[in-house]
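Descriptive structure summary
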Amino acid sequence: MSEGVAAEFRALYGSGPEGVWAAPGRVNLIGEYTDFNEGFVLPLALPHTTVAAVSRRDDGVLRVHSRDVPGDPVRLDPAALEPGAVEGWAAYPAGVVWALRAAGHPVGGADVHVASTVPTGAGLSSSAALEVVTALALNELYGLGLGRPDLALLAQRAENAFVGVPCGVMDQMASACATEGHALHLDTRDLAYRQVPFDLAAHGLRLLVVDTRVGHALGDGAYAERRAGCEAGARALGVRALREVDPAQLPEALGRLTDETVRRYVRHVVTDNARVARVIELLDAGDPRAVGPLLVEGHASLRDDLRVSCPELDLAVGTAVAAGALGARMTGGGFGGSAVVLVAEAAAEEVTAAVTKAFLGAGFAAPRVFPVVPGAGARRLV
Ligand code: ADP
Ligand code: MG
């Protein structure tokens, strides 16, 4: 893909790019809505990436273009960037330039052209892929010397403060720091991370993504509400963040909470953190098949306690498991987006067909179901 993107860059801007970079989307295997509770997550990078061809400009101008958005390049003045000032998709790369400059990094002008194979708006973090690939390219071209976690934090800052989406740091960390064949065990309190081997083929397994094709934008207000509820729970329990609640003390902690909604949110976060730990034990022990039931438990918790699922996600998970999958759960923020399904290779086709049939039978649009393997994190291609 890099050659095509470089050729398009040349056609757009008149000369070839100084370099071409790629950053992946992600799916989260387990640990949902834990990242704003200083908790644990276990995402993996997709083989699908956003590729960016980039050159510096010495006149300070920023131009951005995407193959996936028809039209001329968007032309911006980096010195005049401020939150809310840029409309549409260009806010993502412009936000990265803004975040870098606001943190004191000497980023000048640039020409940027991107093209992506990450489905957008499917809960697979095309937004983080776009931010991280922009940040990595500028880091290298302008010799900023920033490490991967710093790039992820700046990309998150771009999305939070410039684009205006209150996401946690998981997506950007997964895109920036994942490695092929591994899931990324991330502690969101201090961004410590470890690569956990997740070799599907060696165990005769497939990981399917079911993109329900239901946009997840409706979840925006709900995300903020869950976040506020978790913070209220932490305050009521006298801890800095829910990550500090020991799963063994959960019944006692729940007993101290008077608000029924907050109690459900706390139960989800504490049990999902514990599920991350159990999944990692199983992966480290070389037993990825045994992860299945924990995915199903995690889905039930998101559906019943956090209440961020939707009929399409519940149908995808329920049908996949009934058709023989080892486990399945919604992944990402919910209210649409995608589910992940862990399935033995031999049953993958049957499960895919069953999910598609169930969607059509329920009057939903056909989902997009595809296998993924843990891909590499952000990198320079050319
Ligand atoms: P997700 O991250 O789950 O794909 P988001 O709503 O967070 O969904 O981000 C999707 C948005 O990111 C798109 O609407 C678009 O503005 C921007 N985006 C992502 N990838 C691209 C791309 N290749 N070209 C242009 N814009 C993109
Ligand atoms: Mg996103």
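Residues numbered from 1 in each chain as written. Chains lettered and ligands numbered in written order. Predicted model: local features only at pLDDT ≥ 70, side-chain atom pairs only at ≥ 80, totals over all residues. Heavy atoms only, no water.

Attention now goes to the site of ligand 1. In the region of ligand 1, 17 residues are neighbours, and Ser66, Asp68, Gly121, Ser126 and Ser127 sit closest. In the model, a nitrogen atom of ligand 1 is placed 2.8 Å from a nitrogen or oxygen of the Asp68 side chain. Contacts to ligand 1 include Gly121, whose backbone N or O atom sits 2.8 Å from an oxygen atom. Isolated, ligand 1 exposes 560 Å² of accessible area, and the fraction of that covered by the protein chains is 81%. Top element by residues in the shell around ligand 1 is helix H3 (residues 126-141). It accounts for 3 residues. (Near = heavy atom within 4 Å. Polar contact = N/O pair within 3.5 Å; in protein donor to acceptor, adjacent residues only side chain to side chain. Areas by Shrake-Rupley, 256 points an atom, 1.4 Å probe, with all protein chains shown as cover. Helix = DSSP H or I, 4+ residues; strand = E, 2+ residues; numbered from the N terminus.)

Here we take up the pairing of strand S11 (residues 338-344). When you tally the buried positions in S11, you get 6 out of 7 residues, the bulk of the element. Where strand S9 (residues 205-211) and S11 come together, 7 bridges link them in antiparallel fashion. Its bridge partner lying in S11, Arg206 is registered against Val343. Bridging between strand S10 (residues 327-331) and S11 involves 5 bridges; their strand directions are antiparallel. What sits directly across from Gly327, in S11, is Leu342. Counted between consecutive antiparallel strands, the loop separating S10 from S11 contains 6 residues, among which Gly332 sits at a positive phi close to 85°. (Buried < 20%, exposed > 50% of the residue type's maximum accessible area, 1.4 Å probe, protein only. Pairing = 2+ DSSP bridges.)

With that settled, the discussion passes to the packing of H3 against helix H4 (residues 148-163). For any two helices packed against each other, the geometry is given by the interaxial angle and the distance between the axes. Where H3 contacts H4, the two axes come as close as 9 Å, and the packing angle between them is 125°. By the criterion of interaxial angle, the relationship of H3 to H4 is oblique. Of the two elements, H3 crosses H4, and the hand of that crossing is right-handed. Listed contacts from H4 to Ser127, Ala128, Glu131, Val132, Ala135, Leu136 and Asn139 of H3 are Arg148, Leu151, Ala155 and Glu159. Classifying every residue of the contact of H3 with H4 gives 6 nonpolar, 2 polar and 3 charged. (Axes fitted to C-alpha atoms, helices over the stretch in contact; angles between N-to-C directions. Parallel < 35°, antiparallel > 145°, perpendicular 65-115°, else oblique. Left-handed = near helix turned anticlockwise from the far one by under 90°. Contact = heavy atoms within 4.5 Å. Nonpolar A, V, L, I, M, F, W, Y, C, P; charged D, E, K, R; others polar.)

Despite not being glycine, Tyr33 shows a phi value in the positive range, around 60°. As for its placement among the helices and strands, Tyr33 is situated in the loop between strand S1 (19-28) and strand S2 (40-41). In the Ramachandran plot, Leu191 falls in the positive-phi region, its phi being about 65° despite a non-glycine side chain. Inspection of the secondary structure assignment puts Leu191 in the loop between strand S7 (182-187) and strand S8 (192-197). Look at Leu191 and you get buried, because its relative accessible area is 12%.

This part is about the pattern of salt bridges. The tally for this structure, following the rule as stated, stands at 21 salt bridges. Here Arg226 and Glu225 are joined by a salt bridge, their closest N and O atoms 2.6 Å apart. Take Arg226: its relative accessible area is 9%, and that puts it in the buried class. Since its relative accessible area comes to 35%, Glu225 is described here as partly exposed. (Salt bridge = Lys/Arg side-chain N within 4 Å of Asp/Glu carboxyl O.)

One frequent convention defines the size of an interface as the accessible area lost when the parts assemble. Looking at the assigned domains, one finds that the protein contains domain 1 (2-195) and domain 2 (199-372). Here the C-alpha centre of domain 2 lies 26 Å away from the C-alpha centre of domain 1. Each partner contributes to the interface: domain 1 provides 34 residues, whereas domain 2 provides 43 residues. Across the domain 1 to domain 2 interface the summed buried area is about 3100 Å²; carbon plus sulfur atoms make up 62%. Considering only the side of domain 1, the residues that lose the most area to domain 2 are Ile30, Tyr33 and Phe36, jointly responsible for 23% of the buried surface there. Where domain 1 touches domain 2, the interface holds 4 salt bridges. Residue Asp284 pairs with Arg194 through a salt bridge whose shortest N-O separation is 2.7 Å. Taken together, the connections running from domain 1 to domain 2 amount to 18 residue pairs in polar contact (both at pLDDT 80 or more). Mapped by element, the contributors of at least two residues to the side of domain 1 that touches domain 2 are S1, S2, strand S3 (43-57) and S7. Ranked by residues supplied to the side of domain 1 that touches domain 2, first place goes to S3 with 4 residues. Residue composition of the side of domain 1 that touches domain 2, grouped by class: 16 nonpolar, 11 polar and 7 charged. (Domains from an automatic or database assignment. Buried area = accessible area lost by both parts, 1.4 Å probe.)

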